[in-house]
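If you want the building blocks of each chain, they are given just below.
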Amino acid sequence: MNSIYGRRDFLKFAGLGALGVALFPRVGGQGLPAAQGSAGKREAPTVQSLEKGPRRPNIVLILADDLGYECIGADGCTSYKTPVLDQLAATGVRFDQCHVQPLCTPTRAQVMTGLYNVRNYTDFGELEAKNVTFGNLLKGAGYATCMAGKWQLGTDVALPKKFGFDEHCLWQHTRAGAGNTASRYLNPGLEINGVPKNYTHREYGPDIISDYALDFIQRKKDQPFFLYYTMMLTHAPFQPTPDSADYSAKPPQGKAAMQTRPDGIIQHFADMVAYTDKLVGKLLSKLEELKLRDNTLLVFLGDNGTQHGVLTMMGDRKFIGGKGSPTDAGMHVPLIVSWPGRTPVGKVSHDLVDSTDLLPTVCEAAGVTVPAELKIDGRSFLPQIRGEQGQPRDWYYCWYAPQKEQGIIAEFAATRDFKLSRTGDFFDLNKDIEEKFPLAVAALTGEAAAAAKLLQVVLDKYKDARPAAIAMPFLGPKKRGDGRGGGRKKKAAATAEAIERANWRDEEWV
Ligand SMILES: [Ca+2]
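*Asks:* Which parts of the structure should I look at to understand the overall build of the protein chain?
*Replies:* On a plain count of helices and strands, the protein chain comes out with 14 helices and 17 strands. Looking at the protein chain residue by residue over its 510 residues, the buried ones come to 51%. Within the protein chain, contacts between residues separated by at least 24 positions form 65% of all contacts whose residues are at least 6 apart in sequence.

Here it is as structure tokens:
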């Protein structure tokens, strides 16, 4: 039981009274909580019953697409303008050690289920229907639920509802995959509650998603709601936003879309970061207009590092985006939390957080007990959000196999300072953040030796965590000519950045 609400309060607003905390008497089988009505007699508590108790907080979880840690002013970025997010950090809590998976679907699976990919990840663009998500848990406790933005978890029209989202406006839902041509930006092709809709009058996809999310908040303002806002920005292709000088009916393509400013920064990426910030501001204004700000936990984080090869400056430091790579540049993302009156003002937490921690955190904030049967890997960082010590992680773990046919390409455990791979490579992250100089574990001393020992225990803990039914071979990083499919054809180019520029169209899918 969380410490915000007393047990009696929780039972009252959960509408369960003397039934106790057996909110989810059956989990497993189809994987859906009984409280959702999939089995058993008990139905989800009604809105009416919830209104009798104290009002639980609304929860807004914003997941930006391909926006790495280096892109936010509050985190040290000097290339882009993010005044809204900077202000959120200045008035809330900023975490500077949040690590997610290196790519979209792997992170989204972890965020939504609280499980490391080793346990339930099957392939890019899918999440098996039997999984229980935070949507199921919050809906089961009576929250109104909405998902708005990028989906990329399977084309079954029924999946968003199966995962607990009452209503949804999505991109890459029923029309997903490498051959999908529905745009996410100008004249987007979306699916609203499963029904495809094509926009043809210069609408901007992120605006449509934003309007849908704000409308949901407006309509649900009198009951607890959970908005999972999976922004489509700032993913490639880098195109003008409605605020760009060159927003037009025919957005620039290819190299023209990648034009840089005199300082070497990609102009349209900078525009897209600014637009992301602006849309967060619109959402905050809506919450303020409805006087919901103080009762809304708002979390903003990135889903993986910035597009490979994208240059961003952090003062004098040049930072090159590393999306897709199981390294700091691919996995270190911004995490900013705002809950006026509940969070300390302007705190910077150095505690480790990873993407499996979101589910237990939002559940604890909502007063929802995570069923023990789910055996999640995440741990709540709600105490740190409130300025308490909590139980910060000593390590985080990564099992990374984004495309089934490529097998497992990385597995490691890391502390803030050190990293140990399943292959035995050990890195001192303070001296070698790009992981160019693996150290021999046998030669380590002091803190490094102690970290290696701890991290080996973590790797041992997950050694047999993969269910046999979805076993995959460990093949390591894909190498040229190793015969593994699923990769994009690489044209001859001098640099990784040039490769990405040449293939920017293919990046639309991942
Ligand atoms: Ca992404």
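More follows now that the structure is in view.
*Asks:* Would you take a moment to explain the pairing of strand β7 (residues 225–230) for this structure?
*Replies:* The element β7 is extensively covered by neighbouring structure, given that six of its six residues are classed as buried. Burial of the side chains of β7 extends over both faces: F225, L227 and Y229 are buried on one face and F226, Y228 and T230 on the other. Inspection of the sheet shows strand β1 (residues 58–64) paired to β7 by four bridges, in the parallel sense. Each residue of the ladder has a partner; that of L61, found in β7, is Y228.

*Asks:* Please clarify how helix α3 (residues 83–91) should be interpreted in this entry.
*Replies:* One turn of an α-helix holds 3.6 residues; hence residues three or four places apart share an orientation. Along α3, the residues that are buried comprise V84, L85, L88 and A89. Along the axis of α3, the buried residues cluster in a sector spanning 135 degrees; they form a single face.

*Asks:* Can you help me understand the environment of L190 in this one?
*Replies:* Within the fold, L190 resides in strand β5 (residues 189–192). Taking the C-alpha atoms as reference points, L190 and L170, 20 residues apart in sequence, are found 5.7 Å from one another. Those residues in contact with L190, other than ones at most four positions away along the chain, are C169, L170, W171, K197, G205 and I208.

*Asks:* Teacher, can you tell me more about the packing of α3 against helix α9 (residues 267–289) here?
*Replies:* At a closest axis distance of 7 Å, the pairing of α3 and α9 adopts a crossing angle of 60 degrees. Considered as vectors, α3 and α9 are oriented oblique to each other. On the side of α3, the interface is formed by P83, V84 and L85, while α9 contributes D277, V280, G281 and L284. Looking at the contact of α3 with α9 residue by residue, the class counts come to five nonpolar, one polar and one charged.

*Asks:* Just to check I follow, could you spell out the environment of M313 for this structure?
*Replies:* Its place among the elements puts M313 in strand β9 (residues 311–314). Judged by local crowding, M313 falls into the partly exposed class, with 17 C-beta atoms found within 10 Å. When the C-alpha positions of M313 and S79 are compared, they lie 5.5 Å apart, and in sequence the two are 234 residues distant. In contact with M313, other than residues within four places in its own chain, are T78, S79 and K318.

Cut-off values and rules
Residues numbered from 1 in each chain as written. Predicted model: local features only at pLDDT ≥ 70, side-chain atom pairs only at ≥ 80, totals over all residues. Helix = DSSP H or I, 4+ residues; strand = E, 2+ residues; numbered from the N terminus. Buried ≥ 20, exposed ≤ 12 C-beta atoms within 10 Å, placed from the backbone. Contact = placed C-beta atoms within 7 Å. Pairing = 2+ DSSP bridges. Arc of directions from axis to C-beta. Axes fitted to C-alpha atoms, helices over the stretch in contact; angles between N-to-C directions. Parallel < 35°, antiparallel > 145°, perpendicular 65-115°, else oblique. Nonpolar A, V, L, I, M, F, W, Y, C, P; charged D, E, K, R; others polar.

That is the geometry; function is a separate question.
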